[in-house]
Amino acid sequence: MAKVLIIGEHDGQNLNPATAKTVQGASGLGIDAVDLVLFGADLDAVAAQAGALAGVQRVLTVTHDDFSHPLAARIAPEIAAMADDYSHILTGSTTLGKDLLPRAAALIGVNQVSDIMEVIDERTFKRPIYAGNAIVTVQVPEGGPVVGTIRTASFAAVGEGGSAETVAVDPRAEDPGHTRFVRVEGGGGDGPDLASADVVVSGGRALGSSDNFAVIYSLARKMGAAVGASRAAVDAGYVPNELQVGQTGKIIAPDLYFAIGISGAIQHLTGIKDAGTIVAINKDAEAPIFEIADFGLVGDLFEIVPELEKAL
Amino acid sequence: MKILVTIKRVVDYNVRVRVKPDGSGVETEGVKMSINPFDEIALEEALRIKERGEADEVIVASIGGSEVQQQLRTGLAMGADRAIHVETDQPVQPLTAARTLLKLVEKEAPGIVFLGKQAIDDDCNQTGQMLAALWGRPQATFASRVELADGKATVTREVDAGLEVNEVDLPAVMTSDLRLNEPRFVKLPDIMKAKRKPLETIALADLGVEPAADLVATAYEPPPRRGGGKMVESVAELVGELKNKGLL
C-alpha cells in the first residue's frame, strides 16, 4: 500500500520550515497516508507543530536522550527498521537530510533520489544535476521504497489546519557508540533564518570589507530580512561561511531577494533561481546579475542602499 | 594507518554544461575532464595528514573505464602512494559505488576513507554516507576541519546552522566540503614520478559486488530560464515597483 513517511527536522523547540515544504512536496504523490516521524529528547512542542501541518495523518514520536542532537549513525537504522511499512521515505534536502537519508537508503538497499524538485508520478521525479545546469527525469525501479530528499526551494510550505494524532514509538536500534556530538558554533544572530526568510538582502565582493557590510545588515534589519552573501564575499572574509548563498552555500527561495554588489556568477545564480522577485544593485551595468534580475539599478551601492533604507 | 581516497572523473568545473538538443543527455564529447573538485580536496587533506606523520600511506581509487587512469595518475602526482582502478564500462550509481568501495575497504583496512561530499556531475551526495552505513562505521560529512588523536577524529562539519563539531572513532568515513583546504598544484617532476608509482587494475566483475537497482534517467532538459527584468533609474522608482507588486 502506498504510504509516505516524512522525517521531520527540528531544534527541540521549533519544527524546521523544510519539513512543511517536504510535506508539500509529498502531496504531489497523490497519496493520503502520510506519517511524520520525529526523533528527539523532548518532542511535546514540535509534535504539536507537526500535527498541525495539513496533510499529515499521524505524528510518530521516538523519544530518547540519544536524539538530543540528531546523528545520522544513530537515526538511520531507526528509519531502516520502519521502512517496510512505507512506499516513500522523504525528508528535506537540508544538511541534516543530506547526511542522514543516504545512510538509511543504503541500509534499506536502494539508491536515493536527491533534491527532488518536481513530482511527476509516484516513482518519477525531476532533479537538478551539474549544479542546476541540467534537469534530469528519473524513474525509481520497483523492488523497494522510494527514498528521496525534497529540494525545499522548489516547494512552498504546506499550511496548517491538520489535526494528526500523535503516536509514541519506541526506538528499535541501539546507539552504535562510535559517533558523538560535541558542539555547534555560529548561527545565533537575531535576524530570521537565511534558508527560510521571506526577504533576503545579500552583499558581494563590492562591499570591500567586513565593516562596510554594516550597510547590508542595516537594510536587512529595517526590512526584517535575513542577510546573505556571495561566495566572493565569504572567501574575502567579510562575513562567515554560513551566510553564503549559491551552489556551494545555501539554495534559497525568498519572496524578495536583493543582490547588492554581486556580479552574478553562475554558482550564485544557482542558489537564487527560485526567488520570487530579484532586485540587483551594482555599479557595473554589464554585470550578469542584471540578466536575471526583475529590477535592476545601476549605481554606487554605498549611496543607493542608505537611500533605499530611508525610503522604506 | 592507511587512508583511502576516492576519485571520480567528471566534466571540469569550468565547463558550461549543455543538454543535448534531443534531451538524451548532456554534452560530454570533447569536453575537459578532471578530478571531481571535492575529491581533490579530500586527497589534499589525506596528504596533509600523512605529511604530519599521522598516516603511513595514501591510496587513491576510482571506478570506471580505462580513462579514469588519467585522474588516478593526477592523484599519484599530487602525492598519493598508489592507485586502484576498479574497471567497468558501465556507469555506477551511488549504492553500487558504495558496495564496491566496501570491497576495497575489506581488502585494504584503511583508518579513514575520504570522499568528496558530492560529485559535481550527478550532484548526488550519497556515496560516503552509504559506504559508512554498509561498513557499520561513523561518517563525518561536509568536513571543513579534521583533527586526529588517540584513534579518534574531531571533525568540524559545515551545516545549515553554522559549524557542527562531531567526534568519531576510527576507522571512519569522511567527506570533504569546499573550505577544508586548497589543493596543491601538481609540478612537472611529480607527474614524471607518478608514472612509476603502482596502479593496480581490478575488474568490477571480479569483486563480487551485488549490483543495486539503478534509477533510470528518462529525459534531460535545460533549466527554466529567468527572463530579464526591468532597469529602474532611481531608488524612488524601485520602491514604487516593489510596492506595486505588493512586496513592500
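Residues numbered from 1 in each chain as written. Chains lettered and ligands numbered in written order. Predicted model: local features only at pLDDT ≥ 70, side-chain atom pairs only at ≥ 80, totals over all residues. Heavy atoms only, no water.

A. Layout of the interface of chain B and chain A. Taken together, the 74 residues of chain B in the interface contact 80 residues of chain A. Of the roughly 6400 Å² buried between chain B and chain A, counting both surfaces, carbon and sulfur atoms make up 56%. Summed over the shared surface of chain B and chain A, the number is 4 salt bridges. Where chain B touches chain A, the interface holds 36 residue pairs in polar contact (both at pLDDT 80 or more). Counting residues per element, the ones that place at least two in the side of chain B that touches chain A are α3 (94-108), α4 (127-135), β7 (139-149), β8 (152-159), β9 (162-169), β12 (216-221), β13 (230-232) and α6 (235-244) of chain B. Considering each element in turn, the side of chain B that touches chain A owes the most residues, 8 residues, to β9(B). Its residues placed into classes, the side of chain B that touches chain A shows 37 nonpolar, 16 polar and 21 charged. Alignment of strand β16 (residues 295-298) of chain A against β13(B), held across 3 bridges, turns out to be parallel. Within the sheet, the bridge partner assigned to A:Phe295 lies in β13(B) and is B:Lys230. (Contact = heavy atoms within 4.5 Å. Buried area = accessible area lost by both parts, 1.4 Å probe. Salt bridge = Lys/Arg side-chain N within 4 Å of Asp/Glu carboxyl O. Polar contact = N/O pair within 3.5 Å; in protein donor to acceptor, adjacent residues only side chain to side chain. Helix = DSSP H or I, 4+ residues; strand = E, 2+ residues; numbered from the N terminus. Nonpolar A, V, L, I, M, F, W, Y, C, P; charged D, E, K, R; others polar. Pairing = 2+ DSSP bridges.)

B. Region of the structure containing empty space enclosed by the protein. A complete count under the given rule lists 2 cavities of 30 Å³ or more for this structure. In terms of lining, the largest cavity is formed by A:Leu71, A:Ala72, A:Ala73, A:Asp99, A:Thr179, B:Gln139, B:Arg157, B:Glu164 and B:Asn166. Partitioning the lining of the largest cavity into residue classes produces 3 nonpolar, 3 polar and 3 charged. The computed volume of the second largest cavity comes to approximately 30 Å³. Lining the second largest cavity, in full, are A:Phe39, A:Val62, A:Glu78, A:Met82, A:Val169, A:Asp170 and A:Arg172. Of the residues assigned to the lining of the second largest cavity, the class counts are 4 nonpolar, no polar and 3 charged. (1 Å grid on protein atoms, 1.4 Å probe; cavity = no way out; pocket = protein on both sides within 12 Å on 5 of 7 lines; lining within 4 Å. Points joined across faces, edges and corners; volume = space filled by probe spheres on them.)

C. Broad picture of a nonpolar patch on the surface. All names here are of chain B. On the surface, a cluster of nonpolar side chains totalling about 290 Å² of accessible area is made up of Leu-188, Ile-191 and Met-192. One can find Ile-191 in helix α5 (residues 188-194). Residue Ile-191 is classed as partly exposed on the basis of its relative accessible area of 37%. (Patch = residues over 30% accessible without salt bridge, like charges linked within 9 Å, V, L, I, M, F, W, Y side chains within 5 Å. Areas by Shrake-Rupley, 256 points an atom, 1.4 Å probe, with all protein chains shown as cover. Buried < 20%, exposed > 50% of the residue type's maximum accessible area, 1.4 Å probe, protein only.)

D. Broad picture of the packing of helix α5 (residues 214-223) of chain A against helix α9 (residues 301-311) of chain A. Residues and elements named next belong to chain A. Axis separation between α5 and α9 bottoms out at 10 Å; the angle between their running directions is 20 degrees. Viewed along their axes, α5 and α9 adopt a mutual orientation that is roughly parallel. Pair α5 / α9 crosses with left-handed handedness. Between α5 and α9, the contacting residues are Val-215, Ser-218, Leu-219 and Lys-222 on the first element and Leu-301, Val-305, Leu-308, Glu-309 and Lys-310 on the second. Along the lines of polarity and charge, the residues of the contact of α5 with α9 split into 5 nonpolar, 1 polar and 3 charged. (Axes fitted to C-alpha atoms, helices over the stretch in contact; angles between N-to-C directions. Parallel < 35°, antiparallel > 145°, perpendicular 65-115°, else oblique. Left-handed = near helix turned anticlockwise from the far one by under 90°.)

E. Local environment of the pairing of strand β12 (residues 199-203) of chain A. Residue and element names in this part refer to chain A. Most of β12 sits out of view: 5 of its 5 residues are buried. Neither face of β12 is exposed, since Val-199, Val-201 and Gly-203 on one face and Val-200 and Ser-202 on the opposite face are all buried. Bridge analysis of β12 against strand β14 (residues 256-260) gives 5 bridges, and the strand direction is parallel. Residue Val-201 lies in a different strand from β14, and its bridge partner there is Phe-258. Here 4 bridges tie β12 to strand β13 (residues 226-229), and the two strands are oriented parallel to one another. Its bridge partner lying in β13, Val-200 is registered against Ala-226. Tracing the backbone out of β12, into α5 and back to the parallel element β13 gives a crossover that is right-handed. (Right-handed = clockwise from strand over helix to strand, strands pointing away.)

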